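Fold and geometry: a report
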Amino acid sequence: MTCVRTRMAPSPTGEMHVGSMATLLKNYAFAKKHGGQFILRIEDTDKEREVAGGVAAIQEIIHRYGLDWDEGPDKDGSFGPYIQSERLAIYKQAALDLVANGKAYYCFCSKERLSDVKKQQLADKKPPHYDRHCRNIPLKEAQKRVAEGESYVIRLKVPENQTITFTDLIRGQITFNSNLIDDQILLKSDGYPTYHLAVVVDDHLMKITHVMRGEEWISSTPKHILLYQAFAWDIPIFAHIPVFLNPDGKGKMSKRKGMVSAASFLDRGYLPEAMLNFFMILGWAKKDQQEVISLEEYIREFEPSDLSSNSVAFDIQKLNWLNGVYIRKLSIEQLKTHILPFVSANFPLEKLEEVLPLIQERLVTLADFDQLTKFFYTTPNYEPTSLLQKNVSKELVIEELKATIDSIQSLTIWSLPHLEKAIRNLQEKNDWHKGQFFMMLRIAATGEKATPPLFATMIVLGQDLLITRLQEALNKLV
Ligand code: GLU
């Protein structure tokens, strides 16, 4: 069997969409599964839409997701260059070869003419196709006009009334009629190839065996097949992957309903491993139905033909759950590394390692750190009445606070067992209502009703700060 070679071919026209990252993962995994190569090719032939720094951004975000390519812009295999704008001569030659073989032709139509033709077709309610005005210019004559410097494009001579069929790995057989296909431009007047020419030439020359891409490219595939046929090249295997729907299940996932870039999720505190796992289970399931899947397991089991052909919603609840699972898998050292970009400048960094075990369970995203730990460095702000839970009298709470302050002040060893023992003894000895007393202490110490375990939190706050907080609570009541 020939070596499996897959590719991702992003255009540097903006931030990479999560859907593209999910497609990239499938290409990556499938190549790895078969001991093949995954190629990163930059499709930058649309210079008008290109954004500055776009190529570097693509490479950076793939690395941030923990993935890599075997061949690409900075990793030469023997099929480079991997940036299309560096391959212009190759495309031009390919287009000329097609012209020479009678599979493509020079077209000299002006923009004005094309626009008039289109207007007329629209008025006649006909599909706006090129009217093939130049299709039958004798080659010699066309070559002469080119030699004289006339501006031209090269178009594909789409055969008439031909059935184009291909088998999509996910969707099965797909058939188009060539009459519905325009005589595509292959080479533009500025010498740049169109996407259709470049993608076919590159997938062929780079020996790509499986083209797995978003389903939005399905309608381009018959054009590509016609090109493969025109060149008399082998046709790769195609798999068109369904797009994600918005989290509410309605419509294609789009910017309008929230952030969609692959980078934005990492920036909001989702772990790359959780994102990848999430991508794995959208539209595909492991045989044992396990949802927490490592990359190694995925590589072993992933089969494009098992992908659902239906679009699935980008279920944020599930992503949140997975992110929590992955956060809890991290060692404190790893969590520390991941969370540092999310730690507020006001947070006392020397407490980070003590705080992390207290909140690890409670983090949905890394960005929750701030909200969960604010009370460690900001004076709690709450109404005095919050200290009076369960209809307790003010006098009793004052007594509880005073006794607790005394007990904490008299501790000579600041440790969890000592603190816990002292305070529990106090509660038992006085027979204070457990729920009331501990909730009151929690609010006095942190200003919050829900916090990490109380005694551990108190230990991290430190003896002095804790006493200050309890004193401040007392002051609110007297
Ligand atoms: N350059 C296209 C894109 O930006 C690639 C499409 C394909 O994979 O053929 O998605």
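Calculation notes
- Residues numbered from 1 in each chain as written.
- Predicted model: local features only at pLDDT ≥ 70, side-chain atom pairs only at ≥ 80, totals over all residues.
- Heavy atoms only, no water.
- Helix = DSSP H or I, 4+ residues; strand = E, 2+ residues; numbered from the N terminus.
- Expected span 1.5 Å × (residues − 1).
- Buried < 20%, exposed > 50% of the residue type's maximum accessible area, 1.4 Å probe, protein only.
- Contact = heavy atoms within 4.5 Å.
- Salt bridge = Lys/Arg side-chain N within 4 Å of Asp/Glu carboxyl O.
- Core = buried A, V, L, I, M, F, W, Y, C linked by side-chain atoms within 4.5 Å.
- Lys, Arg positive; Asp, Glu negative; His and termini not counted.
- 1 Å grid on protein atoms, 1.4 Å probe; cavity = no way out; pocket = protein on both sides within 12 Å on 5 of 7 lines; lining within 4 Å.
- Points joined across faces, edges and corners; volume = space filled by probe spheres on them.
- Nonpolar A, V, L, I, M, F, W, Y, C, P; charged D, E, K, R; others polar.
- Near = heavy atom within 4 Å.
- Polar contact = N/O pair within 3.5 Å; in protein donor to acceptor, adjacent residues only side chain to side chain.
- Sits in = over half its atoms within 2 Å of the grid points.
- Pairing = 2+ DSSP bridges.
- Axes fitted to C-alpha atoms, helices over the stretch in contact; angles between N-to-C directions.
- Arc of directions from axis to C-beta.

Here helix H15 (residues 394–409) spans 22 Å end to end across 16 residues, near enough to the 22 Å set by a 1.5 Å rise per residue. The set of residues buried in H15 consists of Val397, Ile398, Glu400, Leu401, Thr404, Ile405, Ser407 and Ile408. Tucked inside the fold, the buried residues of H15 contact helix H16 (416–430), helix H17 (434–446) and helix H19 (463–477).

Under the criterion given, the structure shown has 26 salt bridges. When the shortest N-O distance is used, the salt bridge between Glu303 and Lys33 registers 2.6 Å. Highlighted residues: Glu303 in the loop between helix H10 (295–301) and strand E11 (312–313) and Lys33 in helix H1 (residues 18–33), separated in sequence by 270 residues. Between Asp68 and Lys75 there is a salt bridge, with its nearest N and O atoms 2.9 Å apart. Using a relative accessible area of 29% as the deciding quantity, one classes Asp68 as partly exposed.

This part takes up the nonpolar core. Tyr65, Met275, Phe279, Phe314, Ile339 and Phe369 are the most contacted members of the largest nonpolar core, which totals 108 residues. With nine residues, H1 is the single largest residue contributor to this core. Other than its neighbours up to four places away in sequence, Met275 contacts Val18, Tyr65, Phe265, Leu266, Tyr270, Phe314 and Leu319. Residues Leu98, Ala198, Val200 and Ala230 belong to the second largest nonpolar core, which totals 38 residues.

If you trace the backbone, Ile459 turns up in helix H18 (residues 454–461). It is 52 Å that separates the C-alpha atoms of Ile459 and Gly72, two residues lying 387 residues apart in sequence.

Before going further, it helps to examine the side chain of Lys26. By secondary structure assignment, the location of Lys26 is in helix H1. Comment: no salt bridge for buried Lys26; closest opposite-charge side chain is Glu216, at 12 Å. What Lys26 contacts, discounting residues up to four positions off in sequence, is Met212, Ile241, Phe279, Tyr298, Phe302 and Leu307.

On to the layout of surface pockets, then. Computed from the structure, the largest pocket encloses a volume of approximately 1,200 Å³. At the level of secondary structure, the elements contributing two or more residues to the lining of the largest pocket comprise strand E1 (5–8), H1, helix H6 (195–205) and strand E8 (210–214). If you tally residues by element for the lining of the largest pocket, the top one is H1, at five residues. Its residues assigned to classes, the lining of the largest pocket shows 18 nonpolar, 13 polar and 12 charged. Counted as a void, the second largest pocket has a volume near 800 Å³. Along its surface, the second largest pocket is lined by 31 residues, and Lys111, Leu114, Val153, Ile185 and Lys188 are the ones closest to its centre. Those elements that provide at least two residues to the lining of the second largest pocket are helix H4 (111–123) and strand E4 (153–156).

This part is about the site of the ligand. The ligand sits among Arg7, Ala9, Ser11, Glu43, Tyr195, Val199, Arg213 and Trp217. At a separation of 2.5 Å, an oxygen atom of the ligand approaches a polar side-chain atom of Arg7. Contacts to the ligand include Glu43, whose side-chain N or O atom sits 2.6 Å from a nitrogen atom. When atoms are counted within 2 Å of each cavity's grid points, the one that captures over half of the ligand is the largest pocket.

Before going further, it helps to spend a moment on empty space enclosed by the protein. In the structure shown here, the tally under the stated rule is two cavities of 30 Å³ or more. Every residue lining the largest cavity is listed: Lys26, Ile241, Pro242, Val243, Phe244, Leu282, Gly283, Leu307, Ser308, Asn310 and Val312. Among the residues making up the lining of the largest cavity, the classes are represented as seven nonpolar, three polar and one charged. Of the volumes computed, that of the second largest cavity is approximately 30 Å³. Together, Thr379, Pro380, Tyr382, Ala444, Arg469, Glu472, Ala473 and Lys476 line the second largest cavity. Counting residues per element, the lining of the second largest cavity draws most heavily on H19, which supplies four residues.

Moving on: unusual backbone geometry. What you tend to see is this: most non-glycine residues have negative phi, and most peptide bonds are trans. The omega torsion of the bond from Gly80 to Pro81 falls at -10°, within 30 degrees of zero and hence cis. In this fold, Pro81 is placed in the loop between helix H2 (54–64) and helix H3 (88–100). For Arg132, which is not a glycine, the phi torsion comes out positive at approximately 65°. For Ala232, which is not glycine, the phi torsion reads 60° and is therefore positive. With respect to the secondary-structure elements, Ala232 resides in the loop between helix H7 (221–231) and strand E9 (237–241).

In this section: the sheet that holds strand E7 (residues 185–187). If you trace the three strands from one edge of the open sheet to the other, you get E3-E4-E7, paired in antiparallel fashion. Only two strands of the sheet have a single neighbouring strand rather than two, namely strand E3 (104–107) and E7. Within this sheet the neighbouring strands show an average axis-to-axis angle of 45°, counted without direction. Where E3 meets E4, four bridges bridge the pair, whose relative direction is antiparallel.

This next bit is on H3. Over its 13 residues, H3 extends 18 Å from the first C-alpha to the last, a length consistent with the 18 Å expected when each residue adds 1.5 Å. Where H3 is concerned, the buried positions are Tyr91, Ala94, Ala95, Leu98 and Val99. Down the axis, H3 shows its buried residues gathered within 145° of arc, on one side only. For H3, exposure combined with an orientation more than 90 degrees from the buried face picks out Ala89 and Ala100. Looking at the packing, one finds that the buried side of H3 touches E3, helix H5 (139–147), E4, E7, H6 and H7.

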